[in-house]
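Residue-level structural notes
Each chain, letter by letter, is given below.
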Amino acid sequence: MSSEDAAEPGDPAGTGASGTGGESETDHENALQDVIAVDPDDVAQGTVNRLDAHTGDGIRHRAFTCLVFDTDGRILLAQRAPTKRLWDGHWDGTVASHPVEGQSQEEATEQRLEEELGISPDQYDDLRVTDKFEYKRYYPNEGVEWEVCAVLKVTLDDTSLDPDDDEIGGMLWADYEHLHEHPELYRQLRLCPWFEIAMRRDFS
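Bear in mind the structure is a predicted one, so any value in this text is a computation, not a measurement. (Residues numbered from 1 in each chain as written. Predicted model: local features only at pLDDT ≥ 70, side-chain atom pairs only at ≥ 80, totals over all residues. Heavy atoms only, no water.)

1. Regarding a negative patch on the surface
For clarity, the threshold we go by: Exposure above 30% relative accessible area and the absence of a salt bridge qualify a residue for a patch, where like charges join within 9 Å and nonpolar side chains (Val, Leu, Ile, Met, Phe, Trp, Tyr) within 5 Å. Accessibility throughout is a Shrake-Rupley quantity obtained with a 1.4 Å probe, and a residue counts as covered only by protein chains that appear here. Put simply, a salt bridge is a Lys or Arg side-chain nitrogen that is within 4 Å of an Asp or Glu carboxyl oxygen. The convention is simple: Lys and Arg are positive, Asp and Glu are negative, and His and the chain ends are not counted. All charge positions are set by atom: Lys at NZ, Arg at CZ, Asp at CG, Glu at CD. Strands here mean DSSP runs of E at least two residues long; helices mean DSSP runs of H or I at least four residues long; both are numbered from the N terminus. With a 1.4 Å probe rolled over the protein chains alone, any residue whose accessible area is under 20% of its type maximum counts as buried; one over 50% counts as exposed, and the rest are partly exposed.
On the surface, Glu106, Glu107, Glu110, Glu114, Asp122, Asp125, Asp157 and Asp158 cluster together into a negatively charged patch. Tracing the backbone shows Asp157 in the loop between β9 (143-155) and β10 (168-175). Overall, the relative accessible area of 57% leaves Asp157 in the exposed class.

2. A few points about the side chain of Arg50
Note the following rule: Counting of polar contacts relies on pairs of N or O atoms within 3.5 Å, with two restrictions inside protein: one atom must be capable of donating a hydrogen and the other of accepting it, and residues adjacent in sequence are counted only when both atoms are side-chain atoms.
Of note, Arg50 is situated in helix α1 (residues 50-53). Take Arg50: its relative accessible area is 13%, and that puts it in the buried class. One polar contact links Arg50 to Gln33, side chain to side chain, over a distance of 2.4 Å.

3. Focus on the pattern of salt bridges
Per the counting criterion, the structure on display carries 12 salt bridges. For Asp70, the salt bridge identified is with Arg74, shortest N-O distance 2.7 Å. The residue Lys84 makes a salt bridge to Glu167 at a minimum N-O spacing of 2.4 Å. Here the residue Lys84 occupies a position in the loop between β5 (74-80) and β6 (91-92), and Glu167 occupies one in the loop between β9 and β10, the gap between them amounting to 83 residues.

4. Observations regarding the side chain of Thr94
We apply this condition: Contact between two residues is taken to exist if any of their heavy atoms lie within 4.5 Å; hydrogens are not considered.
Along the chain, Thr94 falls in the loop between β6 and β7 (95-97). Setting aside chain neighbours within four positions, we find Thr94 in contact with Cys66, Leu67, Val68, Ile75, Leu76, Ala78 and Leu117.

5. Remarks on the UniProt feature "binding site: Mg(2+)" (unreviewed entry) in the protein chain
This is how the line gets drawn: UniProt positions are given in the numbering used here, feature names are shortened, and annotations may be inferred rather than shown by experiment.
Under the present numbering, the feature "binding site: Mg(2+)" (unreviewed entry) in UniProt falls on Glu116. By the secondary structure assignment, Glu116 is in helix α2 (residues 105-117). In this structure Glu116 comes out as buried when scored by relative accessible area, which is 6%. When neighbours within four sequence positions are excluded, Glu116 is seen to be in contact with Val95, Ala96, Asp162, Pro163, Asp164, Glu167 and Ile168.

6. What to know about empty space enclosed by the protein
Using the following cut-off: Only protein atoms enter the 1 Å grid used here. Points where a 1.4 Å probe fits but cannot escape make up a cavity, open sets with protein on both sides within 12 Å along at least five of seven lines make up a pocket, and a residue lines them when an atom lies within 4 Å of a point. Grid points are joined across faces, edges and corners, and a volume is the space filled by probe spheres set on the points. Note that Gly is not counted as nonpolar here; it falls among the polar residues with everything else outside the nonpolar set of Ala, Val, Leu, Ile, Met, Phe, Trp, Tyr, Cys and Pro and the charged set of Asp, Glu, Lys and Arg.
Within this model, the largest cavity holds a volume of roughly 70 Å³. Together, Ala78, Arg80, Lys84, Asp92, Thr94, Val95, Ala96, Glu116, Glu167 and Ile168 line the largest cavity. Secondary structure elements with two or more residues in the lining of the largest cavity: β5 and β7. Partitioned by chemical class, the residues of the lining of the largest cavity number 4 nonpolar, 1 polar and 5 charged.

Pasting the structure below:
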């Protein structure tokens, strides 16, 4: 596992994973959930409040991002809903979240694929972890992501989708290699930072 450079607080180039906005912090749904705190080697250090992990200077915690492909090698980009507290409206490749205590990365990914996109396990048979890295990014005036992030990949035999509007603002299939080689053509999409890191490492 390797570590990505941290962005400074308030750095607009800094970029992370979940939440909804508009409420006070004590009312926010994330205040009712926990994530798994980890050391730099992804060894669990107990659970911490999810909102606490994403505010202030943050708390390093376990996370995942799953890159979803079709049989032609295109990646499914999913836009984060505008109600997300962090990185609202940014495009992810494809889902990102956090396992809960006692849950494997694969189990957590299966759950989020179904909850966010309506993708059931019978649509794929090759879900696997391919990478892991640590990164820290601040989202101006809202919070921070400080994660040891596992990267999983899956190829859909059946690309039927049923997205949850509370999670997904839009969807787009893109040629993965073209996306990496020509970022200027996709800059207007505002890609999520953890996805950009995962993609860069994929082609390095």
